[in-house]
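One letter stands for each residue in the lines below.
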Amino acid sequence: MSQYIKCYGRVRPSARLGAPSESLFVGGRVVTIETDNGSKRYELHHIFDSSSSQEDVFGTVAKKIVEDCVEGYNGTVFAYGQTGSGKTHTMLGPCDSWTDQELMGLIPRSVEHVFQHLDTKAKECQKLTFSVSVEFVELYNEVIYDLLNAKNKVQLRDSGKDIQLVGALSKNVDNPLDLMHLVQKGWQERSTGSTAMNAESSRSHALLIIRIKTQERTGELVKERSSILNLVDLAGSERQTHTKSSGDRLKEATNINSSLTVLGRCIRLLADPSKAKGHVPYRDSHLTHILKNSLGGNSKTAVIVNMHPDRDFAQESNSTLMFAQSCTMIMNIATRNEVMTGDQESSYKKAIQELRQEVDETREKVRTEFASQLDEAEVEQLRLKTENNSLRLENVDLRAKYDFALLKYTIGSENEQIVNEFKKIISEFSAANSSSPFECIALKNQTLQLEIEASEKRYQELQKETSALRNRYQENLDATILMQTPSAKERRSSSRPKRRETQYRPSPARMALFAEVETSEDAVLDLQCQNEKLSCELSSLKDKHEEATSKSIETERLLQGEIVALQKEVSIVSESLRKSEAVAEGYKEKVTANNLTLDKLLLHIDASRKRIAELELSSKESENRSSEELEEQRLYYVSMIEDLERKASDEYAALREELNQKTLSSNLLQVQVDELQLSNATIKKLNADLSTKAGLIRSLEDSIEKKSQMITRLEEQAVLDSSELSSTKRQLEHSRLEAIQWRKISEETTSAMQTQLKDHQKDIDQCRHKKKLEIQSMQLSLDNANARVKESEAMMKKLQNDEKQKFDMKMSEIENTFKEKLSVSLKKQEDTIRRQSLAENQGKLEVMENKNRVLSETIESLQSQHSQDTEVINAGLRTRGDRVGYVDKLRVEKKALEETISQLRSENDKLKKIMRGESANKPVLRSQTTKP
Ligand SMILES: Nc1ncnc2c1ncn2[C@@H]1O[C@H](COP(=O)(O)OP(=O)(O)OP(=O)(O)O)[C@@H](O)[C@H]1O
């Protein structure tokens, strides 16, 4: 991670008594300084004014660096400024204040925070162990002293990767108090002195080095992190005139100034991008050498520049601010110092297994919770059912009472009383069933109905009575009429008016009858009145009934509506329940689907990780192979060239010796020439080998190209994976939104699922991030390998060309000199040999010719003897046995003679060969000498 050095300013309170004359004006990130040459404006990461607290400074400057240190990044904080500007105040705090929560400086706060953060991490992760060690040194007059060990001298060793303090005591600590005790002890040892500006001025640069190591175990995987936290309090950067120093103080100041000058030089170079990659003179001073990694290296660095606000120090403050400005331009590349050991694959597998187990456990928990809630709901349902049953029973009881009352009522005895009793029961009933108005009204209705029926019955009875009385009255009336009406004779004589009237006098029985009729008529009238009253009552009752009926209908309607609404609600609720069940099912399915996707993703991640590992392995292998091969080739060629050089020089020496001594024969020279030819052939072969190796390198490059393509494909795959992930995320989000609408259980399930999935998501993101980092690192290593291969190839080619050229030149030189000398000596030798051999062979030839002559003479004599013998044999050997014996004897003799002849011939041939050989050697030698 590359980032610029963070630079902060801090202005101390004015030291002047009375009216201060300040030259520094702070405004957030900007500070304006008024100098003799006008006002200047500087912008840093933050400027702390004189009212800023120690806590503010620590929180802004060092807290994050300390936390990053615990996470494996190197960190440095150093204070720069003129003497008395508040560097020690900022870094350590006022004298003996490191237990004062308000005044303690950056070092005690950092120490406390390191342990706090480590403890928190250890609590979060049970398998985390850590160790903290501390070194404390000072740099005084360009010598490093150990402040923890009686100011022993310390040497610097630059391992390339980091700077080691050889001879410095490193103390292990496990709590902030112990560490601060060491710091306090060391600080007392520090070189201080009194100057004109500070009674207790630091005359050395103090370096507190805290080394943090953490080890985190996840399954088989062990993650080891190590980091260094440098807390530096520099000596004052002032000019000598201000300190009014002399003697030792002056020497100290000169040394301080020289080291700070080197620091300034390094920073100026690092701040200039065109020069930053060039040579930076870190080694010119111990201070810059120790801070090498903190300036443009592997560290997260913060600089605090301390300043006096007073006008007297404006120039110093200005140069301090210029230093700070340069620091803001320095780029550091901080990387985590982390090493992973153990079986990564199995640890990942284990982690996945643990996650799966967690998922299963959460699922089981949700399931049991859901089941318990269902049980509770069932119990509640049961309770309601029993309550309902008891109410029903009560209702039945009341109905029985009501029926009894009704029976009594229908019997008709004590109507009013029964009605009252009935009403009482009804009211009781309605009181008991206050929750059910519908039933109450129905009962009231029924009561009224019964009342009406009773009234109707009474009315009918009365009507019957009335009709019976009316009949009786009619009968009586008819009888009276009969009695009053005269017979036909009488009717005829009825024309006689008054006489008959006056003559008719009713009998007493008839009079009684009349009276009875009159009473019955009165009774009928009474009854009619009663009847009318009753009909009135009836009509009013009917009205009431109708009213009650309409009311009951209305209520019934309302209740029906309510029932319908309730039923609807119930159906909605049951529907929603069904839906939520379906949704829950859907969730379950989604969970399983998500799990499957997760599994797939994990598998995919596994596969890609394996692929990456394979690729890494193969790239490493190919890298190793190519580097090994190149190394081998280089060594081989170097050895070959050396061999050849050696051989050539040996040969050259031998030849020179031979030439000087002139004793070796031309055959040996011929052999050497042949060897040289052979070596030429070997060189050609080597050239051919080189071309094949170049082909091999080209094929390696191809394979690297292929691998990089594969990496891009993997990256594309990762992008695809991420899109897949985002779609899964969207799905999950949608599901979550759906889930919010439903019941609490579903919400809980969803939230549980969400947290679960978030965790997975986090894991997946982490895995993706790791994968990306791995791919990046692989890419980097591949690029490096490519670059190295190319470099080594170019080097090899150059080397080969150089060596070849050298070799060719040497060879041609040797060849030329050799040929020159050889041709001269060969000519001489040839002449002598030719002369000698001619002389020798001439004599031998003569001898041989003599021998030949003798032999041919012998052959001729033998042939003549043979013819003579044949004649003798033909004449003398008469018997077959004689002939055979003689022939055998002759054969033996012939054989012996033939052997002698063949010997002589071979001798002759040899001589001829020698003769011919000499003459055949001549052109070869000549051709060698004349060849270019
Ligand atoms: N921000 C501040 N608030 C209060 N007092 C301060 C502050 N800064 C410095 N001082 C006081 O100023 C005096 C000098 O400060 P300090 O010793 O820290 O300076 P220094 O830069 O370390 O000097 P030197 O380089 O000579 O060691 C001390 O008495 C200190 O308490």
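Residues numbered from 1 in each chain as written. Predicted model: local features only at pLDDT ≥ 70, side-chain atom pairs only at ≥ 80, totals over all residues. Heavy atoms only, no water.

### Things to note about the overall build of the protein
Formally: Think of it this way: any DSSP run of H or I at least four residues long counts as a helix, any run of E at least two long counts as a strand, and we number them from the N terminus. Any residue under 20% of the maximum accessible area for its type is buried, any over 50% is exposed, and the rest in between are partly exposed; the area is computed with a 1.4 Å probe on protein chains only. Whether two residues touch is decided by their heavy atoms; if any such pair falls within 4.5 Å, the residues are in contact. Here, Shrake-Rupley sampling with a 1.4 Å probe gives the accessible areas, and only protein chains in the shown set may cover a residue.
Along the protein, the regular secondary structure elements total 18 helices and 19 strands. Within the protein, the fraction of its 932 residues that count as buried is 36%. Contacts in the protein between residues far apart in sequence, at least 24 positions, make up 75% of those at least 6 positions apart. Split by element, the accessible area of the protein, about 55,600 Å² in all, is 54% carbon and sulfur.

### Regarding the UniProt feature "coiled-coil region" (unreviewed entry) in the protein
Counted only if it meets this: UniProt positions are given in the numbering used here, feature names are shortened, and annotations may be inferred rather than shown by experiment.
Under the UniProt annotation, the feature "coiled-coil region" (unreviewed entry) is placed at residues 345-394, 445-479, 524-551, 605-661 and 775-802. For residues 775-802, helix accounts for 100% and strand for 0%, while the C-alpha atoms at its two ends are 39 Å apart.

### Concerning the packing of aromatic side chains
Selection rule: Only centres within 6.5 Å qualify two rings of Phe, Tyr or Trp (six-membered ring in Trp) as a pair; their planes then separate them into stacked at under 30 degrees, edge-to-face at over 60, and tilted for everything else.
For the structure on display, the rule yields three aromatic pairs. Ring plane angle 35 degrees and centroid distance 6.3 Å describe the contact between Tyr8 and Phe48, whose orientation is recorded as tilted. Note that Tyr8 is positioned in strand 2 (residues 6-11) and Phe48 in strand 6 (residues 46-48), a separation of 40 residues in sequence. Taken individually, Tyr8 and Phe48 each receive the classification buried, so the pair is uniform in this respect. Their ring planes at 10 degrees and their centres at 3.7 Å tell us that Tyr80 and Phe323 sit as a pair that is stacked. Here Phe323 lies in helix 9 (residues 314-327) and Tyr80 lies in strand 7 (residues 75-81), a separation of 243 residues in the sequence.

### A closer look at the site of the ligand
What counts, and what does not: Whether a residue is near a molecule or strand depends on its heavy atoms: if one lies within 4 Å, it is near. Counted as a polar contact is a pair of N or O atoms within 3.5 Å, where, for protein atoms, one must be capable of donating a hydrogen and the other of accepting one, and residues adjacent in sequence contribute only when both atoms are in side chains. Think of it as three bins: nonpolar holds Ala, Val, Leu, Ile, Met, Phe, Trp, Tyr, Cys and Pro, charged holds Asp, Glu, Lys and Arg, and polar takes everything else, Gly as well.
Close to the ligand lie 15 residues, the nearest being Thr83, Thr88, His89, Ser201 and Ser202. Between the ligand and Arg12, the relevant distance is 2.9 Å, taken from an oxygen atom to a side-chain nitrogen or oxygen of the residue. At 2.3 Å, a side-chain N or O of Thr83 approaches an oxygen atom of the ligand. Burial of the ligand by the surrounding chains reaches 77%, relative to a free accessible area of 620 Å². Of all elements in the fold, only helix 2 (87-91) and strand 14 (201-202) reach the threshold of two or more residues within the shell around the ligand. Its residues assigned to classes, the shell around the ligand shows one nonpolar, eleven polar and three charged.

### Things to note about the sheet that holds strand 3 (residues 24-27)
Filter applied, for reference: A strand pair is defined by DSSP finding two or more bridges across the two strands. Only the contacting stretch of a helix is used when fitting its axis, a line to C-alpha atoms as for every element, and angles between N-to-C directions run 0 to 180 degrees.
The sheet built from three strands is open, its strands ordered 3-4-5 with antiparallel pairing. The outermost strands of the open sheet, each flanked by one partner alone, are strand 3 and strand 5 (38-43). Taken over all neighbouring pairs, the strand axes of this sheet differ in orientation by 20 degrees on average, direction set aside. Bridge count for strand 4 (residues 30-35) against strand 5 is six bridges, and the pairing is antiparallel. Counterpart to Ile33 in the pairing with strand 5 is Lys40. Along the sheet face, helix 9 touches strand 3, strand 4 and strand 5 and points at about 140 degrees away from the line of strand 4.

### Remarks on helix 1 (residues 54-70)
To keep it simple, the criterion reads: To get the bend at a given residue, fit one axis to the seven residues ending there, fit another to the seven starting there, and take the angle between those axes.
The largest bend in helix 1 is about 50 degrees, located at Ala62. Burial in helix 1 covers these residues: Gln54, Val57, Phe58, Val61, Ala62, Ile65, Val66, Asp68, Cys69 and Val70. The first or second residue beyond helix 1 is Gly72, which carries a positive phi of 105 degrees.

### Side note on the nonpolar core
Our working definition: In these notes, a set of buried Ala, Val, Leu, Ile, Met, Phe, Trp, Tyr and Cys residues joined through side-chain atoms within 4.5 Å is what counts as a nonpolar core.
The biggest cluster of nonpolar side chains holds 45 residues, and the ones touching the most others in it are Leu263, Leu295 and Phe323. At seven residues, helix 6 (residues 248-271) tops the list of elements feeding residues into this core. Not counting the four nearest positions on each side in its chain, Leu263 is found in contact with Tyr80, Leu234, Leu287, Thr288, Leu295 and Phe323. Judged by nonpolar contacts, the second largest core, of 40 residues, contains Trp98, Val114, Leu179 and Val183.

### A few points about the packing of helix 1 against helix 3 (residues 106-124)
Stated formally: Any angle from 65 to 115 degrees is called roughly perpendicular, while one under 35 is roughly parallel, one over 145 is roughly antiparallel, and all others are oblique. Handedness of a crossing follows from how the near helix is turned relative to the far one, being left-handed for an anticlockwise turn of less than a right angle and right-handed for a clockwise one.
Relative orientation of the contacting elements helix 1 and helix 3 amounts to 45 degrees, with a least axis distance of 9 Å. The angle between helix 1 and helix 3 places the two elements in the oblique class. The way helix 1 lies across helix 3 gives a crossing that is right-handed. Between helix 1 and helix 3, the residues in contact are Gln54, Glu55, Val57, Phe58, Val61, Ala62, Lys63, Val66, Glu67 and Val70 and Leu106, Arg109, Ser110, His113, Val114, His117, Leu118 and Lys121, respectively. Of the residues belonging to the contact of helix 1 with helix 3, the class tally is nine nonpolar, four polar and five charged.

### Let's talk about a nonpolar patch on the surface
We count it as follows: Note that patches include only residues with greater than 30% relative accessible area and no salt bridge, and the join distances are 9 Å for like charges and 5 Å for nonpolar side chains (Val, Leu, Ile, Met, Phe, Trp, Tyr). A pairing counts as a salt bridge when a side-chain nitrogen of Lys or Arg comes within 4 Å of a carboxyl oxygen of Asp or Glu.
Taken together, the side chains of Tyr4, Met331 and Ile333 make up a nonpolar region of the molecular surface, amounting to roughly 300 Å² of accessible area. The topology assignment puts Met331 in strand 18 (residues 331-333). Judged by its relative accessible area of 37%, Met331 is partly exposed.

### Some thoughts on helix 4 (residues 176-189)
Owing to its 3.6 residues per turn, the α-helix aligns residues three or four sequence positions apart on the same side. What counts, and what does not: Expected span of a helix, by definition, is 1.5 Å for each gap between consecutive residues, and there is one gap fewer than residues. Arc definition: directions from the helix axis to the C-beta atoms.
Look at helix 4: 20 Å from first C-alpha to last across 14 residues, which is about the 20 Å you get at 1.5 Å a residue. Every buried residue of helix 4 is listed here: Leu179, Met180, Leu182, Val183, Gly186 and Trp187. One side of helix 4 carries all its buried residues, which in axial view fall inside an arc of 155 degrees. Along helix 4, exposed side chains directed more than 90 degrees from the buried face belong to Leu177 and Gln188. For helix 4, the N-terminal cap is Asn175; the gap from its side-chain oxygen to the backbone nitrogen of Leu177 is 3.1 Å.

### Overview of the pairing of strand 7
Of all seven residues in strand 7, seven are buried; the element is thus mostly enclosed. By the alternation rule, side chains of strand 7 split into Gly75, Val77, Ala79 and Gly81 and Thr76, Phe78 and Tyr80, which are all buried. Where strand 7 lies against strand 16 (residues 221-233), five bridges are found, and the strand directions are parallel. Along strand 16, the bridge assignment pairs Val77 with Leu231.

### Some points on a negative patch on the surface
Condition: When charges are counted, Lys and Arg contribute as positive and Asp and Glu as negative, whereas His and the chain ends are disregarded. A single reference atom marks each charge: NZ on Lys, CZ on Arg, CG on Asp, CD on Glu.
Residues Glu354, Glu358, Glu361 and Asp759 make up a contiguous surface patch of negative charge. Sort the elements by how many residues they give to the negative patch and helix 10 (residues 344-411) lands first, with three residues. If you trace the backbone, Glu354 turns up in helix 10.

### Here we look at unusual backbone geometry
One non-glycine residue, Asn141, lies in the positive phi region at around 50 degrees. With respect to the element layout, Asn141 can be found in the loop between strand 8 (128-140) and strand 9 (143-146). According to the relative accessible area criterion, Asn141 is partly exposed, its value standing at 21%. For Glu142, which is not a glycine, the phi torsion comes out positive at approximately 65 degrees. Along the chain, Glu142 turns up in the loop between strand 8 and strand 9.

### Quick word on the pairing of strand 8
Most of strand 8 sits out of view: ten of its 13 residues are buried. By the bridge criterion, twelve bridges tie strand 8 to strand 15 (residues 205-218) in an arrangement that is antiparallel. What sits directly across from Val137, in strand 15, is Leu207. Where strand 8 and strand 9 come together, four bridges link them in antiparallel fashion. Residue pairing across strands places Glu138 opposite Tyr145, the latter belonging to strand 9. Where strand 8 folds back onto strand 9 in an antiparallel hairpin, the turn is made up of two residues, including Asn141, whose phi is positive at roughly 50 degrees.

### Topic: the pattern of salt bridges
Inspection of the entire model under this criterion finds 20 salt bridges. Residue Arg29 is joined to Glu43 by a salt bridge in which the shortest nitrogen-to-oxygen separation is 3.5 Å. Of this pair, Arg29 sits in the loop between strand 3 and strand 4 while Glu43 is found in strand 5, placing the two residues 14 residues apart along the sequence. For Glu43, a relative accessible area of 39% puts it in the partly exposed group. A salt bridge links Glu138 to Lys151, with the shortest nitrogen-to-oxygen separation between them at 2.8 Å. In this pair, Glu138 sits in strand 8 while Lys151 sits in the loop between strand 9 and strand 10 (152-158), placing the two residues 13 residues apart along the sequence. Here Glu138 falls in the buried class, since its relative accessible area comes to 0%.

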